[in-house]
Amino acid sequence: MEIPYITSLFKSESREAGWFAVGLSAHGVYLAKVDFAGAMPRVVRCEYHETGKVSAAALEQLRREAYVGSYDFTTVLAPGEYQMLLVDPPNVPASELKAAIRWKIKDGLSYHVDDATVDVLQIPASKKYGSEHPASMYAIAAPNGTIQQRIALFEQAKIELNVIDIPEMAQRNIAALFEQNDEALALLAFDDNGGLLTFTADGDLCWSRRIEISAGQLQDADEKLRKQYRDRVVLELQRSLDYFGRQFDRLPVRRVLVSAPDADELVKFLAAEADAKVERLDLSQVMDISAVPALAGSEFAAHALHTLGAAMRHERRAL
């Protein structure tokens, strides 16, 4: 079986019931479902199930016991399972784009490009967002073996997987709800896989970068180590804000939202140092989370964020 999409960019049709996201962690599974029928997105389900190491048998048992119905299913790759490579757009017809991108990224992969599943993400045009920002795009590549293993896991669990997504696009879906006109929004999220900083505007992912500090490190019992990690986050955040300001000079970043298990303490630390307003991510501002009150707390929200974002494959515009 071959899955034709590895990001949330190209498959736009879904069943009326919407998307059901299944997020895999080291010791369990996150499930999320979002409904868009009301004035704001309504979280129908968002939950964590401890399973130990996730296997097909554990996933099938969860499918039965958690009453997972018939939906379009999506899941999210872990950071080490794919690469995002910034490339210049090749001057070729649209029908030849994927082949041209493969040629461009072949030297940037640690495996042969013929063994890669590749997708493309267009970065917003420079005329709209900044005079110095050149036209460019992201190539997203994952080893075919990784994709096939994920598909096989879900097939064996009797779950029909429709889309394999990446955290950057899942985080974009969340960030888009908080955006304000003519401004970019920075969203800095930490979980067990580390930190992910995204810059979005008008629903577009403009730029992203990884920060190799995990949520656990930010909560280290050693106060000295904790401060060292936070100092590194401040440095990486400020460097990123400066870089984004140069590349997207027409898009001011006036807010940085932070999602982390101990978000209040981190926000206080960052707010004293960063050149932007820093706030804790509060999902209740943009979503109806009454069915899942645990999302009001920073701990659960931080770990469930990308699964929740993956469930929000609600296409507001053609991409």
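Residues numbered from 1 in each chain as written. Predicted model: local features only at pLDDT ≥ 70, side-chain atom pairs only at ≥ 80, totals over all residues. Heavy atoms only, no water.

**Looking at the side chain of Arg255**
Inspection of the secondary structure assignment puts Arg255 in strand S12 (residues 253-259). Overall, Arg255 belongs to the buried group, its relative accessible area being 11%. At 2.5 Å, the side chain of Arg255 forms a polar contact with the backbone oxygen of Phe178. Discounting chain neighbours no more than four positions away, the residues touching Arg255 are Phe178, Gln180, Leu185, Ala186, Lys277 and Glu279. (Helix = DSSP H or I, 4+ residues; strand = E, 2+ residues; numbered from the N terminus. Buried < 20%, exposed > 50% of the residue type's maximum accessible area, 1.4 Å probe, protein only. Polar contact = N/O pair within 3.5 Å; in protein donor to acceptor, adjacent residues only side chain to side chain. Contact = heavy atoms within 4.5 Å.)

**Considerations on empty space enclosed by the protein**
Summed over all chains, the structure comprises 4 cavities of 30 Å³ or more. For the largest cavity, the calculated volume is near 50 Å³. Together, Ala215, Leu218, Gln219, Arg230, Ala260, Pro261, Asp262 and Leu266 line the largest cavity. Residue composition of the lining of the largest cavity, grouped by class: 5 nonpolar, 1 polar and 2 charged. (1 Å grid on protein atoms, 1.4 Å probe; cavity = no way out; pocket = protein on both sides within 12 Å on 5 of 7 lines; lining within 4 Å. Points joined across faces, edges and corners; volume = space filled by probe spheres on them. Nonpolar A, V, L, I, M, F, W, Y, C, P; charged D, E, K, R; others polar.)

**Some points on the side chain of Arg226**
As for its position among the elements, Arg226 is in helix H7 (residues 223-247). Side-chain polar atoms of Arg226 contact the backbone oxygen of Asp220, separated by 2.7 Å. Beyond its immediate stretch of four places on either side in the chain, Arg226 contacts Gln217, Leu218, Gln219, Asp220, Ala221 and Glu265.

**Side note on the pairing of strand S1 (residues 19-24)**
Of all 6 residues that make up S1, 5 are buried, and the element is covered over most of its length. Note that S1 and strand S4 (residues 72-76) share 4 bridges and pair parallel. Residue pairing for S4: Val22 is matched across the bridge by Thr75. As paired elements, S1 and strand S2 (residues 28-35) share 5 bridges and run antiparallel to each other. Looking at S2, one finds that Gly23 is bridged to Tyr30. (Pairing = 2+ DSSP bridges.)

**Quick look at the pattern of salt bridges**
Scanning the model with the defined rule gives 17 salt bridges in all. Taking the shortest distance from any N to any O, the salt bridge between Arg254 and Glu183 comes out at 3.0 Å. A residue pair is termed long-range when its members are at least 10 positions apart, and Arg254 in strand S12 and Glu183 in the loop between helix H5 (167-175) and strand S9 (184-191) qualify at 71 residues. The partly exposed category is assigned to Arg254, whose relative accessible area is 47%. With a relative accessible area of 15%, Glu183 lands in the buried category. In this structure, Arg280 and Asp264 form a salt bridge, with 3.4 Å as the shortest nitrogen-oxygen distance. Separated by 16 residues along the polypeptide, Arg280 in strand S13 (residues 277-280) and Asp264 in helix H8 (residues 263-271) bring together distant segments of the chain. When its relative accessible area of 53% is taken as the criterion, Asp264 is described as exposed. Here the salt bridges share partners, and the residues they tie into one network are Glu60, Arg63, Arg64 and Lys158. (Salt bridge = Lys/Arg side-chain N within 4 Å of Asp/Glu carboxyl O.)

**Section: the packing of helix H1 (residues 56-65) against helix H4 (residues 144-156)**
A pair of packed helices is characterised by two quantities: the angle between their axes and the separation of those axes. Axis separation between H1 and H4 bottoms out at 8 Å; the angle between their running directions is 50°. Taken together, the axis directions place H1 and H4 in an arrangement best described as oblique. Crossing of H1 over H4 shows right-handed handedness. Residue-level inspection shows Ala56, Leu59 and Glu60 of H1 in contact with H4, the latter providing Leu153, Phe154 and Gln156. When grouped by side-chain class, the residues that make up the contact of H1 with H4 number 4 nonpolar, 1 polar and 1 charged. (Axes fitted to C-alpha atoms, helices over the stretch in contact; angles between N-to-C directions. Parallel < 35°, antiparallel > 145°, perpendicular 65-115°, else oblique. Left-handed = near helix turned anticlockwise from the far one by under 90°.)

**Some thoughts on the environment of Asp288**
Position of Asp288 among the secondary structure elements: in the loop between S13 and helix H9 (298-310). Placed 248 residues apart in sequence, Asp288 and Met40 show a C-alpha to C-alpha distance of 6.6 Å. The contact partners of Asp288, leaving out residues within four places of it in the chain, are Met40, Pro41, Arg42 and Val43.

**As for the confidence of the model for the protein**
When pLDDT is averaged along the protein, the result is 89, and 89% of the positions lie at 70 or above. Here residues 1-5 is a poorly scored stretch, pLDDT under 50, and it has 15 contacts once near neighbours within four places are set aside; other chains count. For the stretch residues 7-16, pLDDT sits under 50, and the model shows 36 contacts to residues farther than four places along the chain or on other chains. (pLDDT = per-residue confidence, 0-100.)

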